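Single-letter residue listing:
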Amino acid sequence: MEKSFYNNGRFCILLISHCVLLMSSGLCSNPFSYDRYSEKECVTEPPKSSSNIGGLILNRDVEDDAGNRKLHGNGAISEIVHRVHVHQGHIYTFSAWVRTGKGESTRVEASFRTEDGGLIHGGEVAAGKACWSLLKGGIVANFSGPVDLLFKSQNRGAEISVAEMSLQRFTKRQWKLEQDQVIDKIRKSRVRFQVTYRNKTAVKGATISVNRIKPSFLLGCGMNYRILSSQGYRNWFASRFKLTSFTNEMKWYTTEKVRGRENYTLADSMLKFAEENGIKVRGHTVLWDNPKMQPSWVQNVTGAEDLMNVTLNRINSVMTRYKGKLTGWDVMNENVHFRFFEDMLGENASASFYSLASKLDPDITLFVNEYNTLENSKEGIASPVNVKKKMEEIVAFPGNMNMRGGIGAQGHFGPYQPNLAYIRSALDTLGSLGFPVWLTEVDIPKCPDQVKYLEEILREAYSHPAVEGIIMFAGPEVSGFDKLTLADKDFKNTETGDLVDRLLKEWQPSETQEFEITSDGGLGFSQEVSLLHGDYRATVNHHHPPWMKSLSTSLSFEVKKEEMVQVVIDA
């Protein structure tokens with residue numbers, strides 16, 4: 001893709017993203033052969049594994065005595081597939097191609113059984129009879145010793161076929177190295193500036209100052225009504241974050257406590273603050289499928305027709321009010337865990353509400369938002385497979401095919417080592433639909449390793465190609481976020497606050513970068529640089545020859561993945 005911008009001046013600047021350079025440096029290939037996409041589903045024959053990395057500890061086909069690659073289940077755990085010795089602190093990623101003997105699709109899980117009989121859920125996939133599906137997952141070992149790798153089917157009596165199993169071991173250092181290289185690939189592009197006179201002769205000695213004015217990826221923070229009464233909270237927030245969502249202030253039980261009496265005062269005031277400070281707002285939430293989280297008067301509505309009328313009024317009211325002002329909407333919160341509207345209005349209730357929302361605001365991303373999808377590998381309800389299935393059902397509803405969908409994973413983690421391998425495989429599954437994935441409410445309770453665990457979670461999300469944004473439920477002490485407290489009562493950073501500031505500086509840098517144009521064979525090129533994706537402003541300064549000593553020209557450009565941007569400054 002090529003773009004041109006025109007301005008007054010005497011230079012032509014060419015910016016080229018070099019994927020070829022990435023490949024030659026090893027950054028366009030994953031050094032650990034981990035495929036972060038789960039798009040290879042329903043294949044007639046599983047592809048043969050070609051992995052030959054040093055961390056590979058299992059790479060085999062699985063066959064019964066007749067060579068049929070089958071495990072016979074009985075509704076419980078299937079027979080032992082493989083025993084392996086794990087080492088504490090190491091990360092193990094697992095993959096296998098699976099197929100079931102039943103005609104319908106069913107969920108197949110992989111688990112790791114310890115010597116004392118404990119089961120660690122490792123991953124899952126929706127598998128069917130007609131084709132093979134890729135099951136991915138893994139564990140972070142919190143002990144050393146032998147474990148048995150097992151399979152089970154959601155359906156009793158299912159016959160499971162397994163092929164091309166692979167188990168790989170990583171140290172935390174190797175995992176971080178892989179993350180960094182993938183970040184260089186998916187979040188940055190290599191760029192080189194060329195400056196010439198209008199007669200195409202090279203300019204030597206010019207300098208280019210570059211500022212990123214709009215990052216493409218944002219690390220955001222939740223916000224609540226307390227910000228309206230604290231100038232310190234407002235100053236603290238506006239100096240750091242350009243993305244937020246409100247905790248409760250847009251929810252139905254806040255804006256219409258009494259039937260027919262809408263009050264958007266809190267949400268309007270918070271949105272005004274955000275707009276004045278260039279902060280994007282993600283809408284949370286139009287509806288909530290948890291019966292206990294309805295306005296008290298809605299819980300007392302008994303007739304389907306009456307409930308439909310007040311629900312349609314709610315959708316129209318809140319979405320019309322904030323149309324064009326938000327970056328996304330949770331249309332139906334937690335509609336995999338709960339089914340208040342489905343029980344009252346029918347199985348297609350959620351899908352029909354997304355259809356209406358898409359018509360009211362066709363340009364906004366409409367999210368399914370769930371908890372325990374990333375943070376709890378034992379979750380059976382809102383597992384990645386089930387969240388994906390829910391989104392597929394919504395999109396399949398008449399009129400929703402072109403809906404701008406998104407998947408929100410809340411991310412309320414526990415005070416223990418996060419299962420990074422499972423998080424990665426879960427994001428693979430969620431991202432396989434091609435919709436953007438966001439972490440929407442990330443927090444973790446206070447514990448001795450809170451800072452370490454939070455950084456691991458955030459870096460895992462940032463290094464995944466499907467993830468387009470992260471919002472933490474955190475703040476200074478005055479905000480009342482008691483799990484992730486980023487600053488004390490005097491707005492001085494806690495250790496978690498220091499971490500977040502470091503990540504903001506790393507992922508959303510605001511410092512000016514300067515590059516000098518050298519002769520480079522007479523072409524007038526700058527050195528190659530790596531720039532994070534986003535919108536930039538460049539200023540070209542040149543002081544030679546003397547008649548051009550005060551020349552300075554500014555222009556805007558965008559850096560995107562594998563894109564050529566040509567910027568022409570007209571004389």
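The coordinates are above.
All figures in this text were calculated on a predicted structure; none of them were measured in a lab. (Residues numbered from 1 in each chain as written. Predicted model: local features only at pLDDT ≥ 70, side-chain atom pairs only at ≥ 80, totals over all residues. Heavy atoms only, no water.)

Let's talk about the pairing of strand 20 (residues 437–442)
Item 1. Counting buried positions along strand 20 gives six out of six residues, so the element sits mostly inside the fold.
Item 2. The pairing of strand 19 (residues 405–409) with strand 20 spans three bridges and is classified as parallel. The partner of I407 across the bridge, within strand 20, is V437.
Item 3. For the segment spanning strand 19, helix 11 (residues 420–431) and strand 20, crossover handedness is right-handed. (Buried < 20%, exposed > 50% of the residue type's maximum accessible area, 1.4 Å probe, protein only. Helix = DSSP H or I, 4+ residues; strand = E, 2+ residues; numbered from the N terminus. Pairing = 2+ DSSP bridges. Right-handed = clockwise from strand over helix to strand, strands pointing away.)

Details of the sheet that holds strand 19
Item 1. Across the sheet, which stays open at both edges, the eight strands sit in the order 14-21-20-19-18-17-16-15 with parallel pairing between neighbours. Edge positions in the sheet fall to strand 14 (218–221) and strand 15 (243–245), since each of these pairs with one other strand and no more. Put simply, the sheet's adjacent strands are angled 25° from each other on average, direction ignored.
Item 2. Helix 11 rests against strand 19, strand 20 and strand 21 (467–472) of the sheet, and its axis sits at about 130° to strand 20. (Axes fitted to C-alpha atoms, helices over the stretch in contact; angles between N-to-C directions. Contact = heavy atoms within 4.5 Å.)

A word on the environment of A474
Item 1. You can see A474 is positioned in the loop between strand 21 and strand 22 (475–476).
Item 2. By relative accessible area, A474 is classed as buried at 0%.
Item 3. Through-space distance from the C-alpha of A474 to that of V442 is 8.1 Å; in sequence the pair is 32 residues apart.

With respect to the packing of helix 11 against helix 12 (residues 450–462)
Two measures define how a pair of helices packs: the angle their axes make with one another and the distance between the axes.
Item 1. Contact geometry of helix 11 with helix 12 gives a least axis separation of 10 Å together with a crossing angle of 30°. The orientation of helix 11 relative to helix 12 falls into the category roughly parallel. The handedness of the crossing between helix 11 and helix 12 is right-handed. Listed contacts from helix 12 to L420, I423, R424 and L427 of helix 11 are E456, E460 and A461. (Parallel < 35°, antiparallel > 145°, perpendicular 65-115°, else oblique. Left-handed = near helix turned anticlockwise from the far one by under 90°.)

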